[in-house]
Amino acid sequence: MRKERLRAHNCRAHESGVSAAYHAQHTISDDDPRIATDGGRDTRTSDRRAVVPTHPTDRTAIGVDLGEHTLYTACPVSMPDWKGAYAIPGDDLCARLDALRDRVAALLAGDADRETIVARVRRRRAALLEALDDAAREICDYASAYDHPVLVTEDSHYEPDLWAWLTDPDAHRGTAWLLPTAHLRLRAVAAEYDIAVATVPVAYSSQECHGCGVIGDRPLHETFRCTNPNCRVETVDADSNAAKVLAQRYYPDQRCAYRPPRSLATGERSALVADGGSPGSRRDGA
């Protein structure tokens with residue numbers, strides 16, 4: 001299913017198909033006693049292709065936005081149309097995490113012993129990590145179609161803590177475990193493919209327009225609207241927009257420097273550019 005979906009997408013997005021990639025199987029130890037961790041360790045020793053260092057401008061930056069509804073959204077900096085972004089849904093993982101939380105709560109309220117609860121969580125966690133690794137491989141397969149790809153993600157400061165999500169009623173599903181673990185698994189799987197991963201500042205990446213740099217609006221969670229009347233972007237998918245913004249920030253002079261005051265009305269910021277430069281300074285001309 002993964003290969004079929006990638007083939008269909010790349011036929012639309014690229015004139016050349018997806019190139020061959022290294023598909024080594026990542027091993028996760030079942031003996032790891034830690035449940036609230038990043039999801040396993042890569043202890044394999046294998047021969048890997050040497051990555052030739054290149055200047056940032058010689059690499060193809062592929063922004064990867066992480067979320068709950070859409071787990072991964074990947075968009076290359078060179079993609080002229082945000083509709084060509086590649087997205088992997090996360091609703092199933094969210095539902096499974098919710099079900100696990102409910103089950104653990106029921107076990108804790110009952111007479112189940114600690115070993116029973118830990119064993120159940122360990123099994124469910126292993127299945128969740130396998131699903132995350134499959135999704136990360138799909139992103140790496142997609143990225144392999146580009147020359148010298150580098151995956152660009154936000155600079156996340158969250159640490160995964162599965163027990164916090166399972167037992168703390170105030171814990172947030174995404175920040176407690178899903179998103180930081182998805183970030184760490186993407187890094188681990190990308191290493192199997194010899195694909196570099198870089199992080200950039202996350203500030204305003206979900207509010208900055210990828211076309212002109214203006215700070216726009218998020219009228220709905222799923223959409224972004226550019227407030228610059230001279231920009232061609234108008235209303236786009238918010239995750240795809242954020243992914244392309246992350247890709248652009250990989251290159252020099254593409255960091256978001258604008259900090260809008262809280263009292264600034266939306267209509268007063270239509271001409272403000274997030275990175276402090278001119279709207280025409282974008283590398284790809286978008």
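Note: the structure precedes this text.
The structure reproduced in this document is the subject of the present report. Note that the structure is predicted; figures quoted are calculated from it, not measured.

### Remarks on helix H2 (residues 91–109)
- Counted at 1.5 Å a residue, the expected span for H2 with its 19 residues is 27 Å, and the 27 Å between its end C-alpha atoms agrees.
- When H2 is considered as a whole, its buried residues turn out to be Leu-93, Cys-94, Leu-97, Leu-100, Arg-101, Val-104 and Leu-107. Around the axis of H2, the buried residues are gathered within 150° of arc, so they sit on the same side. Looking at H2, the residues exposed on the side facing more than 90 degrees away from the buried face are Asp-92, Asp-102 and Ala-109.

### Observations concerning the packing of aromatic side chains
- Applying the stated rule across the entire model yields 3 aromatic pairs.
- Summarising the aromatic geometry, the rings of Tyr-86 and Tyr-142 are spaced 5.1 Å apart at their centres and angled 15° between planes, so their arrangement reads as stacked. Pair noted here: Tyr-86 is in strand S3 (residues 86–89) and Tyr-142 is in helix H3 (residues 114–143), with a separation of 56 residues, a long-range link. Each member of the pair, Tyr-86 together with Tyr-142, is buried.
- Ring geometry for Tyr-250 and Tyr-251: centres 5.3 Å apart, planes at 80°, overall edge-to-face. There is no split in this pair, since Tyr-250 and Tyr-251 are both buried.
- Ring pairing ties together the aromatic residues Tyr-86, Tyr-142 and Tyr-146, which thus form one cluster.

Calculation notes
Residues numbered from 1 in each chain as written. Predicted model: local features only at pLDDT ≥ 70, side-chain atom pairs only at ≥ 80, totals over all residues. Heavy atoms only, no water. Helix = DSSP H or I, 4+ residues; strand = E, 2+ residues; numbered from the N terminus. Expected span 1.5 Å × (residues − 1). Buried < 20%, exposed > 50% of the residue type's maximum accessible area, 1.4 Å probe, protein only. Arc of directions from axis to C-beta. Phe/Tyr/Trp six-rings, centres within 6.5 Å; stacked < 30°, edge-to-face > 60°.

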